[in-house]
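Each chain, letter by letter, is given below.
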Amino acid sequence: MGTDGQDERSELGVSWVPAILGGTPCFPEGPPTWPRNSEGVRAALEQVWRDGDWGRYEGPWGRRLCERLAQIHNVEQVLLCSSGTIAVELALRGLGVVAGDEVILAGYDFPGNFRAIEAIGARPVLVDLAADGWNLDAGELDAAYSPRTKAVLVSHLHRSMAPLPLIQAWAHSRGVQVLEDACQNPGGRVAGRVAGSWGDASVLSFGGSKLLTAGRGGAVLTRRADVFQRMKISNDRGNLAYPLSELQAAAIVPQLDELSELSERRRTGVERLDRALAGAGGLSRGDSMAHPDDAPTFYKASWFVESSLERGFHRERLITAARAEGIALDAGFRGFAGRGGQRCRKIGGLPRSRRAAEQTVLLHHPVLLSDAGTLDRVAAVLRALVEFHWPSTT
Ligand SMILES: *Cc1c(COP(=O)(O)O)cnc(C)c1O
């Protein structure tokens, strides 16, 4: 299996039986784990141990992390905190969002973003995604605007970078603030400029599955002193309410040095998968590039899946079957289009958000760093599963 230039289907054998139907899993060892134990992380953790800083409230690693993030994103202020979810909430408070305000976001997004708006007592206002991708549709912002609109919360999701130049221009014209969620694409580029540098406030996550990880953690980046000040006040309960530890900061700093090289490898990996999966029945990568100089960093590689009644094929079957083969495939977010009108205001029927919620599959990033032969096998298995004629009884 996996040799170049052959038909991928035949590589799996004419009598190939999916693992879910009793065949042998193609990757019995399961998907690669994350995080990887890099020498850089080891050196930093040994250093923080030698210096005795590992158990301190504050120290050089937290300061170093702030400096590096500020420099990478060309911002003045960085607030480290306990998660990306809390980073979104602190950023909303920093932007001065209060109960009764409205915050615009896409009808398909990370569930915690909707909840963060609600946590403040503000009201989510949902706009649809742009055609055939996972980007918020900037063309719908005007219809969503009201005098209560304080901010637009926009995420770079999966393989797509949100059209920040358009969103920012609209927001400026309306006096609305931009909260940029770069949790899934740290170090990515939007129209040539680094993700996390576009918002009035921008957020990162250092959660356990993320591209930069310390198990937990997050950060808010901003150029605005007033935003930073309000965030500091809301993080203050006499002590820090949502801290990031020295130990976590020490683990993250060396990963900043490794990020761009790993991102490049992930990009190459996704291109290889896309080439091998082009035209695979039921699977499409969408047309998610809003700008030629966009560069996602691929926390998740994403595709849309079209069900086929005659072949007994649908998304949940693909996900279960892929996982049985040892491939870390997941469903996308559930989205907010079905949420009740008491909880949010919706602009139109949100058909593309609904489609994304129903049809998105996500491939978790660790496998993207695999060698070419492994990636070809992953693609061959996915293609075989997508094109399989499923018995109607399973
Ligand atoms: C993971 C994630 C978050 C939140 O990060 P946590 O650190 O897990 O709380 C926010 N937004 C998006 C788009 C994410 O993928």
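Residues numbered from 1 in each chain as written. Predicted model: local features only at pLDDT ≥ 70, side-chain atom pairs only at ≥ 80, totals over all residues. Heavy atoms only, no water.

Caption draft 1: Highlighting the pairing of strand E1 (residues 77-81). Among the five residues in E1, four count as buried, and that is most of the element. With five bridges joining them, E1 and strand E9 (residues 218-222) adopt antiparallel strand pairing. What sits directly across from leucine 79, in E9, is valine 220. (Buried < 20%, exposed > 50% of the residue type's maximum accessible area, 1.4 Å probe, protein only. Helix = DSSP H or I, 4+ residues; strand = E, 2+ residues; numbered from the N terminus. Pairing = 2+ DSSP bridges.)

Caption draft 2: Broad picture of unusual backbone geometry. With an omega dihedral of 0°, the bond running from tryptophan 34 to proline 35 counts as a cis peptide bond. Along the chain, proline 35 falls in the loop between helix H1 (8-11) and helix H2 (39-50). The phi dihedral of leucine 350 falls on the positive side, at around 55°, and the residue is not glycine. Judged by its relative accessible area of 0%, leucine 350 falls in the buried class.

Caption draft 3: Geometry of the packing of aromatic side chains. On inspection of all chains with the given rule, the structure shows seven aromatic pairs. Aromatic side chains tyrosine 108 and phenylalanine 333 sit 5.5 Å apart centroid to centroid with 50° between the ring planes, which places their arrangement in the tilted category. You can see tyrosine 108 sitting in the loop between strand E2 (102-106) and helix H5 (111-119) and its partner phenylalanine 333 sitting in the loop between strand E12 (329-331) and strand E13 (345-346), a full 225 residues away along the chain. For the pair tyrosine 108 and phenylalanine 333, one class covers both residues: buried. With centroids separated by 4.3 Å and ring planes inclined at 5°, the aromatic side chains of tryptophan 134 and phenylalanine 304 adopt a geometry described as stacked. Of this pair, tryptophan 134 sits in the loop between strand E3 (123-127) and helix H6 (141-144) while phenylalanine 304 sits in strand E11 (residues 300-305), and the two are 170 residues apart along the sequence. The burial state of tryptophan 134 is the same as that of phenylalanine 304; both residues are buried. Every member of this aromatic cluster is reached through a ring pair, and the members are Trp16, Phe388 and Trp390. Sitting above the plane of the phenylalanine 114 ring, arginine 339 keeps its charged end 4.5 Å from the centroid. Positioned above the aromatic ring of phenylalanine 304 is the side chain of arginine 355, whose terminal nitrogen or guanidinium carbon lies 3.9 Å from the ring centre. (Phe/Tyr/Trp six-rings, centres within 6.5 Å; stacked < 30°, edge-to-face > 60°. Lys NZ or Arg CZ within 6 Å of the ring centre and 35° of its normal.)

Caption draft 4: Molecular detail of the site of the ligand. Taken together, Ser83, Gly84, Thr85, Phe110, Leu157, Asp181, Cys183, Gln184, Ser205, Lys210 and Gly217 make up all the residues around the ligand. With respect to the ligand, the side chain of aspartate 181 contributes an N or O atom lying 2.6 Å from a nitrogen atom. Surface burial for the ligand is 91%, taken as the share of its 380 Å² of free accessible area covered by protein chains. (Near = heavy atom within 4 Å. Polar contact = N/O pair within 3.5 Å; in protein donor to acceptor, adjacent residues only side chain to side chain. Areas by Shrake-Rupley, 256 points an atom, 1.4 Å probe, with all protein chains shown as cover.)

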